[in-house]
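A closer look at the structure
Each chain is listed here by its residues.
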Amino acid sequence: MKAYFMIKIKAIDGGDGYTKALRELEAMPEVEAVEPVSGEYDLVARVEAPIRVILVANKIMDKEWVEGLHILKIEPAEPNPFLDEVCSLPGGESVRWCIQCGTCSGSCPNIAKMDYSPRKTIAMIRAGRRYDVLTSNSMWVCASCYLCTVRCPRGVKLTELMHCLECLAVRHNLTNGRTPTAVMYRTFVDSIKSNGRIYELGLMMKFYLRTSPFAALKMLPVGLKLLSHGRMPLKARKIKGTGQLKAIMRTAQALGGA
Amino acid sequence: MRYYSYFPGCSLEATALAYGLSTRAITSALDMELIELDDWNCCGSTPYGSINELESVSIATRNLALAEKTGLDLVTPCSSCYTTLNRANSYLRQYPELKGKVDEILASAGLDYRGGVKVRHLFEVIYNDIGLKTIESKVVNQLGGLKVAAYYGCQLVRPEPGFDNPNNPQSLDRFIASLGAEPVPFPLKDHCCGGSLVIPELDLALGLIHQLLESAASNGAQCILTVCPLCQTNLDAYQDMVNSRFRTRYNLPVLFFTQLLGLALGVESKALALDKSIISAERILAPFTMVAEPATETSRRV
């Protein structure tokens with residue numbers, strides 16, 4: 001829900017309360033914009049209430065600088081099923097907290113390769129651009145270094161958000177054909193499903209067969225070096241609990257989602 | 001003697017074989033015992049969490065359920081396993097709906113997990129539980145003069161805060177100093193090596209690896225010290241490829257912290273699997289491996 005609040009400010013000890021009010025309102029995640037107005041009230045604030053408008057109004061009413069608050073108008077939020085879907089996944093809910101400062105984009109080592117920067121990706125999710133986001137390569141070049149996550153001033157879990165987007169792209173079969181990362185990740189998962197552990201040699205061979213067998217030639221020197229140093233076992237290691245893993249995956253599929 | 005449940009992770013049986021062997025070689029000298037978790041499975045790492053969230057948390061939790069029975073902290077030398085298992089733990093705490101599903105999934109496999117396992121990184125255990133003072137007192141082979149770049153990588157200090165500063169970590173530098181070696185300034189010490197993207201996005205990863213090698217080499221490092229199997233493989237096995245791509249001549253050995261620690265503790269170099277490195281460390285470690293003689297007592301115990 002979107003709402004407009006008219007707010008009257010009162011003087012607090014040692015100041016007029018106005019600067020403090022502006023600063024604190026701007027810092028609230030629910031407040032989208034604050035503007036000064038003339039007349040009976042001092043400020044108008046546009047808020048996006050995640051649950052109920054009254055909860056946000058009460059939160060503001062509790063501030064020491066509030067003289068009075070009038071709810072001018074409540075607009076129903078435009079339905080955004082894509083935003084709802086992202087928010088339903090663990091970590092995804094944090095997109096609502098973003099203030100679009102761009103710290104994430106400035107921290108990202110792989111931004112040059114991304115169709116849309118992390119900041120822009122969040123803006124697009126909130127604008128409901130499902131197809132553009134899920135077919136982009138942005139999340140598939142995220143290396144999970146978590147620099148954005150620890151630097152975000154709003155606590156947005158950007159790396160986990162990228163994982164959510166990857167899972168959604170897979171679920172809706174929208175993975176971008178230009179990025180081989182999805183193929184590699186799928187091959188990786190297959191290896192766990194059959195053995196319970198990763199079998200590097202098999203993983204590499206399957207990956208290159210599925211993408212570009214010629215690229216394997218380029219990788220041959222690295223593979224041979226690892227082999228000759230005993231770092232690339234020829235045989236897969238299988239755990240005893242593969243039956244347990246199968247049961248886990250079967251039930252997970254039946255329950256669906258996350 | 002301190003006891004821990006041990007989760008080596010898939011890489012330590014393959015590309016990072018030396019990490020596993022050198023870990024085994026140092027524990028008795030540090031009065032600690034690592035008891036390998038019986039029948040552990042792959043943690044799922046980043047790839048599984050990017051394909052199917054619910055399944056990935058569930059298979060990671062299978063390990064936690066197995067570990068809970070031991071009543072010990074679960075220790076892993078792999079930064080990716082560390083982050084993935086910790087992530088499962090914190091997701092189960094944070095998202096009750098997810099926890100309900102995971103409980104049901106585990107029950108279908110005859111398992112249950114109450115959330116009582118503490119997941120720890122081997123480096124953090126050695127740094128905090130054993131402590132640098134104890135390590136200093138056990139060093140028989142001072143690594144004086146060896147210039148080392150402390151490479152933390154990403155997932156040792158991120159995303160969970162607490163153990164070290166996530167933007168400017170210091171612990172590994174202090175650890176290097178405690179062995180008598182010299183930690184050099186390394187501005188990119190917590191930057192990314194590309195991780196598993198080196199397979200699908202080779203050019204991207206080579207660029208990152210190149211930057212890291214440049215940062216370490218230009219600061220006079222003789223070798224790079226790492227706490228992560230993926231970092232070691234990327235910087236070691238792909239170094240020649242970086243050299244031909246960027247016309248550089250890096251020749252920087254990339255060692256696991258356990259290998260350098262073992263050397264300082266006087267463990268014989270063979271047990272530390274130094275020969276598994278593709279960029280040989282023999283040249284820079286020769287002065288230290290030769291004086292390993294008084295340490296035979298330690299190595300016999302291994």
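Residues numbered from 1 in each chain as written. Chains lettered and ligands numbered in written order. Predicted model: local features only at pLDDT ≥ 70, side-chain atom pairs only at ≥ 80, totals over all residues.

Focus on the overall build of chain B
- Within chain B one finds 14 helices and eight strands.
- Projected onto the principal axes, the alpha-carbon positions of chain B cover approximately 55 × 45 × 30 Å.
- Among the 302 residues that make up chain B, the fraction classed as buried is 60%.
- In chain B, of all internal contacts separated by at least 6 residues, the share reaching a separation of at least 24 is 80%. (Helix = DSSP H or I, 4+ residues; strand = E, 2+ residues; numbered from the N terminus. Buried ≥ 20, exposed ≤ 12 C-beta atoms within 10 Å, placed from the backbone. Contact = placed C-beta atoms within 7 Å.)

Notes on the packing of helix H12 (residues 242-255) of chain A against helix H5 (residues 96-108) of chain B
- For the pair H12 of chain A and H5 of chain B, interaxial distance at closest approach is 8 Å and the crossing angle is 140 degrees. Between H12 of chain A and H5 of chain B, the angle is such that the two are oblique. Crossing of H12 of chain A over H5 of chain B shows right-handed handedness. Where H12 of chain A approaches H5 of chain B, its residues Ala247, Ile248, Thr251, Ala252 and Leu255 of chain A are matched on the opposing element by Lys101, Glu104, Ile105 and Ser108 of chain B.
- In terms of residue class, the contact of H12 of chain A with H5 of chain B is made up of five nonpolar, two polar and two charged. (Axes fitted to C-alpha atoms, helices over the stretch in contact; angles between N-to-C directions. Parallel < 35°, antiparallel > 145°, perpendicular 65-115°, else oblique. Left-handed = near helix turned anticlockwise from the far one by under 90°. Nonpolar A, V, L, I, M, F, W, Y, C, P; charged D, E, K, R; others polar.)

Remarks on the domain arrangement of chain B
All names here are of chain B.
- Here chain B is partitioned into domain 1 (2-122) and domain 2 (131-301).
- Centre-to-centre separation of domain 1 and domain 2, based on C-alpha positions: 24 Å.
- Counting from both sides, the interface comprises 23 residues of domain 1 and, opposite them, 27 residues of domain 2.
- Elements with a contribution of two residues or more to the side of domain 1 that touches domain 2: helix H1 (17-26), helix H2 (45-49) and helix H4 (79-94).
- Ranked by residue count, the leading element in the side of domain 1 that touches domain 2 is H1, at eight residues.
- When its residues are assigned to classes, the side of domain 1 that touches domain 2 shows twelve nonpolar, eleven polar and no charged. (Domains from an automatic or database assignment.)

Points about the packing of helix H10 (residues 200-210) of chain A against helix H11 (residues 213-228) of chain A
Residues and elements named next belong to chain A.
- Closest axis-to-axis distance for the H10/H11 pair is 8 Å, and the angle between their directions is 150 degrees. Relative to H11, the element H10 lies roughly antiparallel. Remark: the crossing between H10 and H11 carries right-handed chirality. Seen from H10, the contacting residues are Met204, Tyr208 and Leu209; seen from H11, they are Pro213, Ala215, Ala216 and Gly223.

Observations regarding the pairing of strand S3 (residues 43-48) of chain A
Residue and element names in this part refer to chain A.
- As defined by bridge partners, strand S1 (residues 2-9) adjoins S3 across six bridges and the pair is classed as antiparallel. The residue of S3 that forms the bridge with Tyr4 is Arg46.
- Strand direction decides the pairing type here: strand S2 (residues 31-36) and S3, joined by five bridges, are antiparallel. Residue pairing in the sheet places Val31 in a bridge with Val47 of S3.
- Following S2, the chain reverses through six residues before pairing antiparallel with S3; Gly39 in that reversal takes a positive phi of roughly 115 degrees. (Pairing = 2+ DSSP bridges.)

Observations regarding the domain arrangement of chain A
- Along its sequence, chain A is organised into domain 1 (2-75), domain 2 (81-171) and domain 3 (181-255).
- Each of domain 1 of chain A and domain 2 of chain A was reduced to a C-alpha centroid, and the two centroids are 29 Å apart.

Describing the environment of Val156 of chain A
Residue and element names in this part refer to chain A.
- Within the secondary structure layout, Val156 lies in the loop between helix H7 (147-151) and helix H8 (158-171).
- Residue class for Val156 comes out buried when judged on the 25 C-beta atoms lying within 10 Å of it.
- In sequence terms Val156 and Glu93 are 63 residues apart; their C-alpha atoms lie 8.6 Å from each other.
- Dropping the residues within four chain positions of it, Val156 is found in contact with Ser94, Val95, Trp97, Cys98 and Leu161.

What to know about the environment of Arg249 of chain B
Residues and elements named next belong to chain B.
- Inspection of the secondary structure assignment puts Arg249 in the loop between helix H11 (239-246) and strand S8 (254-256).
- Judged by C-beta crowding, with 7 C-beta atoms within 10 Å, Arg249 ranks as exposed.
- Arg249 sits 197 residues away from Asn52 along the chain, and the two C-alpha atoms are 42 Å apart.

A closer look at the sheet that holds strand S1 (residues 2-6) of chain B
All names here are of chain B.
- A sheet is described by the order of its strands in space; here four strands give the open sequence S2-S1-S3-S4, paired in parallel fashion. Sheet topology places strand S2 (32-36) and strand S4 (119-121) at the edges, where each strand pairs with a single neighbour. Strand-to-strand twist across the sheet, computed as the mean angle between neighbouring axes with direction ignored, equals 45 degrees.
- Where strand S3 (residues 74-76) lies against S4, three bridges are found, and the strand directions are parallel. Bridge assignment links Thr76 to a residue of S4, and that residue is His121.
- Running at roughly 85 degrees to S4, helix H6 (residues 122-130) makes contact with S1, S2, S3 and S4 of the sheet.

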